[in-house]
Amino acid sequence: MQNLYNKGWKAVPLRDFRGGAKEFVLAFDDAYECIRQYALPVLQRLDFRATLFVPTGFVGEWNNWDYQFFGRRFKHLDEGGLKEFHKAGWELGSHTVGHGSLLELSSGRMETELKAADSGPLLPLK
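Residues numbered from 1 in each chain as written. Predicted model: local features only at pLDDT ≥ 70, side-chain atom pairs only at ≥ 80, totals over all residues. Heavy atoms only, no water.

(A) Examining the packing of aromatic side chains more closely. For the structure shown, the criterion picks out 6 aromatic pairs. Measuring from ring centre to ring centre gives 5.6 Å for Phe 28 and Trp 90, while their planes differ by 25°; the resulting arrangement is stacked. Of this pair, Phe 28 sits in strand E3 (residues 27–29) while Trp 90 sits in the loop between helix H4 (79–87) and strand E5 (91–94), and the two are 62 residues apart along the sequence. Take Trp 90: its relative accessible area is 1%, and that puts it in the buried class. An angle of 75° between the planes, with centres 4.7 Å apart, marks the rings of Phe 85 and Trp 90 as edge-to-face. For the pair Phe 85 and Trp 90, a shared accessibility class is recorded, and that class is buried. (Phe/Tyr/Trp six-rings, centres within 6.5 Å; stacked < 30°, edge-to-face > 60°. Helix = DSSP H or I, 4+ residues; strand = E, 2+ residues; numbered from the N terminus. Buried < 20%, exposed > 50% of the residue type's maximum accessible area, 1.4 Å probe, protein only.)

(B) Structural view of the packing of helix H2 (residues 33–45) against H4. Two elements in contact, H2 and H4, have axes separated by 11 Å at closest approach and are oriented at 20°. Put simply, H2 runs roughly parallel to H4. In this structure, the crossing between H2 and H4 has a hand that is left-handed. Residues Ile 35, Arg 36 and Leu 40 of H2 form the contact with H4, whose own contacting residues are Gly 80, Gly 81, Glu 84 and Phe 85. (Axes fitted to C-alpha atoms, helices over the stretch in contact; angles between N-to-C directions. Parallel < 35°, antiparallel > 145°, perpendicular 65-115°, else oblique. Left-handed = near helix turned anticlockwise from the far one by under 90°. Contact = heavy atoms within 4.5 Å.)

(C) Geometry of the sheet that holds E5. A sheet is described by the order of its strands in space; here 3 strands give the open sequence E3-E4-E5, paired in parallel fashion. Every interior strand has two partners, whereas the edge strands, E3 and E5, have only one. The average undirected angle you get between the axes of adjacent strands in this sheet is 25°. By the bridge criterion, 3 bridges tie E3 to strand E4 (residues 51–54) in an arrangement that is parallel. (Pairing = 2+ DSSP bridges.)

See below:
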């Protein structure tokens, strides 16, 4: 990140991307707590902003996927953590409610996953 910054690049959230010279989008899936611990301080120091995709049904909870492969579970940001990113100028995007594969869901369930993810108590953040 420091090297990109030194070369004049700028990270912006997806909503702000205009395709300008030396502009790129940085995005993080799943809104894990470790993003606040490791990425946010570095990116704030460089004035880089990003997009954070949040599975809204897991706010403040532990993930229930992928841990069988890696042997670890990860904590998702809670409401306070999400507000911290919002205040830092990051974009918060929907990553559905339950983090399921949209390819495997019925059209009715897919619609519920997408619509409900954008209408929870966190949105819009103030």
